Amino acid sequence: MSKRQTCWTEKKITRYYKEGRGQGELSNYTPWLTIQDVPSGGRAHRVKGWTTSRTHHLLSDMEYNYFCLLDWADEVIDIREQFPLPRDVTLPIAEEKNIKHPIDPATQTPIVMTTDFLITVRKEKEIIYFARTVKENKELNSSRVIEKFEIEREYWVKQGVDWGIVTEKELPKDAINNIKWIHSAYYLPEDLDTKSLHLLYDALSQNDMPILHLLKEFDETFKLANGSALSMFKYMLAHKIIKTTITKKIDLMSNTTILEFSPNFITEKRWAT
């Protein structure tokens, strides 16, 4: 099997633009780079987003961690990863600042620079954009990294968009681990129905006992497969039907009294005979 061609050429860049990469919004957005395009030094992730209902291509663990926080935030209404910066803007910036623009060493083709995340936020009636680059703190000691960041920063200044760097210091571990734990449960499994969901909601809100014990008893009482109640519990946490302190590690041995219950989740009795 032939190896994937990773060199950049003008022909390849033109093809990427024709494919619609870096264009669109929400589920229609296509990132400039996918995990198939880039040999990742860390672990790459393909994750279906809650906010966009599309698969996101995250090129490192840190990108995945930051993405989880964005996907959880109520005010975030769109997340576009690997967002391309047009070379007709970045090349003049590099020249003005006497910084060498990134090029492909094999072909000498100027590379299309990208920003890790372009984030759309709704604050009341106002729509605001934020550009964020994710980088390990130790890499900020590299003069070349800082030079490339200066091109990126100036690009976003020209667009009137707030740009910043996110390091591991800004990523709360417990919150991220909690979101990761529930993230895949956002979509209710086909073998579970809304009747069971409402019954579990009632059980959690009306009993005073360790969460894990209640979930196991629920599976046994309704003859469900082991772990069914846990899946529904995660689903309700993901949809914020049930809430707990996201910045503190979720402990299933904690009592149900640590949970908050959404008043908007009305138990339906349409299945009652």
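This one's a predicted model, so the numbers in the text were calculated from it and none came from an experiment. (Residues numbered from 1 in each chain as written. Predicted model: local features only at pLDDT ≥ 70, side-chain atom pairs only at ≥ 80, totals over all residues. Heavy atoms only, no water.)

### Looking at the overall build of the chain
And step 1. Along the backbone of the chain there are eight helices and eight strands.
And step 2. Dimensions of the chain, computed from C-alpha atoms along their principal axes, come out at roughly 70 × 40 × 35 Å.
And step 3. Scored against the burial criterion, the 273 residues of the chain give a buried share of 45%.
And step 4. Relative to all contacts within the chain whose residues are 6 or more apart in sequence, the contacts with residues 24 or more apart total 65%.
And step 5. Of the roughly 15,400 Å² that the chain leaves accessible, carbon and sulfur atoms contribute 49%.
And step 6. Mean positive and mean negative side-chain charge positions of the chain (38 and 39 charges, respectively) differ by 4 Å. (Helix = DSSP H or I, 4+ residues; strand = E, 2+ residues; numbered from the N terminus. Buried < 20%, exposed > 50% of the residue type's maximum accessible area, 1.4 Å probe, protein only. Contact = heavy atoms within 4.5 Å. Areas by Shrake-Rupley, 256 points an atom, 1.4 Å probe, with all protein chains shown as cover. Lys, Arg positive; Asp, Glu negative; His and termini not counted. Charge placed at Lys NZ, Arg CZ, Asp CG, Glu CD.)

### Concerning the packing of aromatic side chains
The description of an aromatic ring pair rests on the distance of the ring centres and on the angle between the ring planes.
And step 1. In total, this model carries 14 aromatic pairs according to the counting rule given.
And step 2. Look at Trp8 and Trp32: their rings are 6.2 Å apart centre to centre, the planes differ by 15°, and that puts the pair in the stacked class. Residue Trp8 is found in the segment before helix H1 (10-18), and its partner Trp32 is found in the loop between H1 and strand E1 (45-48); the two are separated by 24 residues along the sequence. Across the pair, Trp32 and Trp8 agree in class, each one buried.
And step 3. Between Trp50 and Tyr186, the ring centres sit 4.8 Å apart and the planes meet at 15°, which makes this aromatic pair stacked. In this pair, Trp50 is assigned in the loop between E1 and strand E2 (55-58) and Tyr186 in the loop between helix H5 (173-183) and helix H6 (194-206), connecting sequence segments 136 residues apart. Here Trp50 matches Tyr186 in class, with each residue buried.
And step 4. An aromatic cluster is defined as three or more aromatic residues linked by ring pairs; in this entry it consists of Trp8, Tyr16, Tyr17 and Trp32.
And step 5. Its end group placed over the ring of Trp72, Lys240 keeps NZ or CZ at 4.2 Å from the ring centre. (Phe/Tyr/Trp six-rings, centres within 6.5 Å; stacked < 30°, edge-to-face > 60°. Lys NZ or Arg CZ within 6 Å of the ring centre and 35° of its normal.)

### Topic: the nonpolar core
And step 1. One finds Tyr66, Phe117, Ile119, Leu200, Leu204, Phe233 and Met236 to be the most contacted residues of the largest nonpolar core, which totals 49 residues.
And step 2. Breaking this core down by element, the ones donating at least two residues are helix H2 (61-72), strand E3 (76-84), strand E4 (114-123), strand E5 (126-134), H5, H6, helix H7 (211-221) and helix H8 (228-238).
And step 3. Residues in contact with Leu204, not counting those within four places in the same chain, are Leu214, Phe233, Met236, Ile242, Thr256, Leu259 and Phe261.
And step 4. Phe83, Ala94, Val145 and Trp156 belong to the second largest nonpolar core, which has 16 residues in total. (Core = buried A, V, L, I, M, F, W, Y, C linked by side-chain atoms within 4.5 Å.)

### Comments concerning the sheet that holds E5
And step 1. The strand order across the open sheet built from four strands is E3-E4-E5-E6, with neighbouring strands paired in mixed fashion. Across the chains shown, the open sheet's two edge strands, defined by having one partner strand only, are E3 and strand E6 (162-166). Between one strand axis and the next, the sheet turns by 25° as a mean value, whatever way the strands run.
And step 2. Inspection of the sheet shows E3 paired to E4 by seven bridges, in the antiparallel sense. Pairing of Glu81 across the sheet is with Phe117, part of E4.
And step 3. Contacts between H2 and the sheet are confined to E3, E4, E5 and E6, with E4 contributing the most and set at about 10° to the helix.
And step 4. Relative to E6, helix H4 (residues 143-159) is tilted by about 150°, and along the sheet it contacts E3, E4, E5 and E6. (Pairing = 2+ DSSP bridges. Axes fitted to C-alpha atoms, helices over the stretch in contact; angles between N-to-C directions.)

### A few points about H7
And step 1. Of all the residues in H7, the buried ones are Ile211, Leu214, Leu215, Phe218 and Asp219. Seen along its axis, H7 keeps its buried residues to an arc of 135°; they face one direction. Set apart from the buried face of H7 by more than 90 degrees, the exposed residues are Glu220 and Thr221.
And step 2. Those residues of H7 hidden inside the fold are in contact with H6 and H8.
And step 3. Of the residues one or two after H7, Lys223 is the one with positive phi, at around 50°. (Arc of directions from axis to C-beta.)

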